[in-house]
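Okay, here's what each chain looks like letter by letter:
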Amino acid sequence: MEKLLVESSGRLQGKVRISGAKNAALPILAACLLGTEDIYLEEVPDLKDVEIMCQVLESLGAKVKKVGKGELIINSANLNNYKTKYELMSKMRASFLVMGPLLGRLGKTENSLPGGCSIGSRPIDLHLKGFKALGAKVQTDFGNISAYADRLVGQKIYLDFPSVGATENIMMAAVLAEGETIIDNAAMEPEIVDLSNFLRKLGANVIGAGTSTIKIKGVPELKGARHSVIPDRIEAGTFMVAAAITGGDVVVENVILNHMKPVIAKLREAGCRIDEEGESVRVLCERGLKPIDIKTLPYPGFPTDMQAQFLALMTRCNGINIAIETVFENRFMHVDELKKMGADIRVEERKAIVNGGKPLHGAKVRATDLRAGAALILAGLTATGTTEVHEIYHIDRGYENIEEKFRKLGAKITRAKVED
Ligand code: EPZ
């Protein structure tokens, strides 16, 4: 087991380049199961979750070859298995995203039910609603879930909640179905658009991604493609907050500015100067931070994956700050850890009230999910003394070389072994 030691680091300064988006790479890797020729991917982030997804693809018969930094060649011509291994599914719930492609390509798929995690129960009812609407028979027993369909026929599907994963899984099941599928109240996240662009390159007929209505016309077969994964808007937001929380001056490179609107707006409200420059954004914070309020919502609202990082920032914003979490039912686990560092935060159901401006001090804390882990690093940068962040495997799942990227900006952060 490892931990990160974070010292008070003063103003972060310099440039940091953002990696490919984890939450675009994972569904795109799953969608590679639909292709029958070589698929060449670039800007694939080097993450634990990506490694596991590649193992899942190989366990199903796909060939996965790493040909350079962030570059993979994947070939699923000889798919010979439709059952994912429990050991892999249990490591990463996003491997559930192979269900749609397997159903579409082979007409059958068997997985263990993805577990919940610290941020919520993470149900899959909307995924299954979509599969059944397309004509699949779905069975769940003793922790397993299977879906079979002799043929999939396009349907009109309404999502009760604009679920990112359900939108992605249904899209991937529908691209080879007969006829037209319409997904209403679809998720509109940029990662959905990236997946749609990738599917279209494979030969799929998908329109409307990025809006709440996505139309898919089934085609007989998908081929190969070359695709570069979009930059990670959450990693970008995390480093933008790092600049703000340390009163620094940081240029975040390889960013799609249009994806950063809620984060840019809130940092400006806190008093930061934000210069938008093409594919980079400069965050400059020279004076004290003002209190802000956030409310997480499906895209284009404020991203739930930035809530923990902003809670850390709010501890430095003098006055009362409010954060409302509407997407997940239990995504304030990081509050107790921040309070160990001296933060003055009160949680009332879906609302966290942060009385910002009080000094933080280093403490032994643990990452409860990957974004909470990032938030604790951010808090540690401004806390007096040393903050030990434990259970950092969560962080390694979603951030590529996080301590190197922080060190390049002047952060005092090292990785160490946890003594038994
Ligand atoms: C994706 O998870 C992301 N993960 C999450 O990022 C992100 O927080 C989330 O979308 C919301 O943006 C990946 O893309 C791999 P959802 P997903 O289905 O697809 C409810 C991170 O930090 N729901 O949009 O699981 C669910 O309970 C991770 O990188 C149902 O009720 O999210 C939740 O309350 C964390 N029924 C809400 O929808 C369903 O069938 C949002 O879930 C599915 C979801």
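For the structure itself, look to the data block above.
Since the structure is predicted, the reported quantities are computational estimates derived from the model, not experimental observations.

A. Here's a closer look at the overall build of the protein chain. In terms of helices and strands, the protein chain carries 14 helices and 23 strands. Since a compact globule built from 420 residues should have a radius of gyration of about 22 Å, the 21 Å found for the protein chain is in line with a globular shape. Considered along the principal axes of its C-alpha atoms, the protein chain spans approximately 60 × 45 × 40 Å. Just so you have it, the protein chain exposes about 16400 Å², and 49% of that area is on carbon and sulfur atoms.

B. Representation of the side chain of Gln 307 in the model. When you line up the elements, Gln 307 lands in helix α10 (residues 307-314). A distance of 3.1 Å separates the side chain of Gln 307 from the side chain of Glu 325, its partner in a polar contact. If sequence neighbours within four positions are ignored, Gln 307 has contacts with Ile 294, Thr 296, Phe 302, Glu 325, Arg 331, Phe 332 and His 334.

C. View of the sheet that holds strand β6 (residues 108-112). Strands sit in the order β6-β8-β7 across an open sheet of 3 strands; the sheet is antiparallel. Each edge of the sheet is formed by a strand with only one pairing partner; in this case those strands are β6 and β7 (137-141). Averaged over all pairs of adjacent strands, the angle between strand axes in this sheet comes to 10°, irrespective of strand direction. Bridge analysis of β7 against strand β8 (residues 144-148) gives 5 bridges, and the strand direction is antiparallel. Within β8, the residue paired with Gln 139 across the bridge is Ser 146. Sheet strands in contact with helix α4 (residues 99-106) are β6 and β8, and its direction is about 155° off that of β6.

D. Structural view of the sheet that holds strand β20 (residues 351-356). An order of β17-β18-β20-β19 is seen for the 4 strands of this open sheet, with the pairing classed as mixed. If you trace the sheet from one side to the other, it starts and ends with β17 (293-295) and β19 (345-348), each paired once. Here the average twist between neighbouring strands, direction ignored, is 15°. Across 4 bridges, β19 lies against β20 in antiparallel orientation. Bridge pairing in β20 links Glu 348 to Lys 351.

E. Molecular detail of the packing of helix α1 (residues 22-31) against helix α7 (residues 190-202). At a minimum axis separation of 9 Å, α1 and α7 run at an interaxial angle of 30°. The orientation of α1 relative to α7 falls into the category roughly parallel. Classified by chirality, the crossing of α7 by α1 is right-handed. Seen from α1, the contacting residues are Asn 23, Ala 24, Pro 27, Ile 28 and Ala 31; seen from α7, they are Glu 191, Asp 194, Leu 195, Phe 198, Leu 199 and Leu 202. When its residues are assigned to classes, the contact of α1 with α7 shows 8 nonpolar, 1 polar and 2 charged.

F. The pattern of salt bridges, seen in detail. Applying the stated rule across the entire model yields 29 salt bridges. The shortest N-O distance in the salt bridge between Lys 358 and Asp 344 comes to 2.8 Å. With Lys 358 in the loop between β20 and β21 (364-366) and Asp 344 in the loop between α11 (333-340) and β19, this residue pair connects regions lying 14 residues apart in the sequence. By relative accessible area, Lys 358 is classed as partly exposed at 38%. We note a salt bridge from Glu 348 to Arg 346, for which the minimum N-O separation is 3.0 Å. Judged by relative accessible area, which is 39%, Glu 348 ranks as partly exposed. On the accessibility criterion, Arg 346 (48% relative accessible area) is partly exposed.

G. Representation of the site of the ligand in the model. Not every one of the 21 residues close to the ligand is listed here, only the nearest: Asp 125, Leu 126, Ser 163, Asp 305 and Val 327. With respect to the ligand, the side chain of Lys 22 contributes an N or O atom lying 2.9 Å from an oxygen atom. Elements with a minimum of two residues in the shell around the ligand: α1, α5 (125-133), α6 (164-174) and α12 (370-382). By residue number, the principal contributor to the shell around the ligand is α5, which donates 3 residues. In terms of residue class, the shell around the ligand is built from 9 nonpolar, 5 polar and 7 charged.

H. Up close: the packing of aromatic side chains. If you walk through the whole model with that rule in mind, you get 2 aromatic pairs. With centroids separated by 4.7 Å and ring planes inclined at 40°, the aromatic side chains of Phe 239 and Phe 406 adopt a geometry described as tilted. Here the residue Phe 239 occupies a position in helix α8 (residues 233-245), and Phe 406 occupies one in helix α14 (residues 402-407), the gap between them amounting to 167 residues. The burial state of Phe 239 is the same as that of Phe 406; both residues are buried. Judged by centre distance (4.9 Å) and plane angle (90°), the rings of Phe 302 and Phe 310 are edge-to-face. With respect to class, Phe 302 is no different from Phe 310; both count as buried.

Calculation rules
- Residues numbered from 1 in each chain as written.
- Predicted model: local features only at pLDDT ≥ 70, side-chain atom pairs only at ≥ 80, totals over all residues.
- Heavy atoms only, no water.
- Helix = DSSP H or I, 4+ residues; strand = E, 2+ residues; numbered from the N terminus.
- Rg over C-alpha atoms; globule rule 2.2 N^0.38 Å.
- Areas by Shrake-Rupley, 256 points an atom, 1.4 Å probe, with all protein chains shown as cover.
- Polar contact = N/O pair within 3.5 Å; in protein donor to acceptor, adjacent residues only side chain to side chain.
- Contact = heavy atoms within 4.5 Å.
- Pairing = 2+ DSSP bridges.
- Axes fitted to C-alpha atoms, helices over the stretch in contact; angles between N-to-C directions.
- Parallel < 35°, antiparallel > 145°, perpendicular 65-115°, else oblique.
- Left-handed = near helix turned anticlockwise from the far one by under 90°.
- Nonpolar A, V, L, I, M, F, W, Y, C, P; charged D, E, K, R; others polar.
- Salt bridge = Lys/Arg side-chain N within 4 Å of Asp/Glu carboxyl O.
- Buried < 20%, exposed > 50% of the residue type's maximum accessible area, 1.4 Å probe, protein only.
- Near = heavy atom within 4 Å.
- Phe/Tyr/Trp six-rings, centres within 6.5 Å; stacked < 30°, edge-to-face > 60°.

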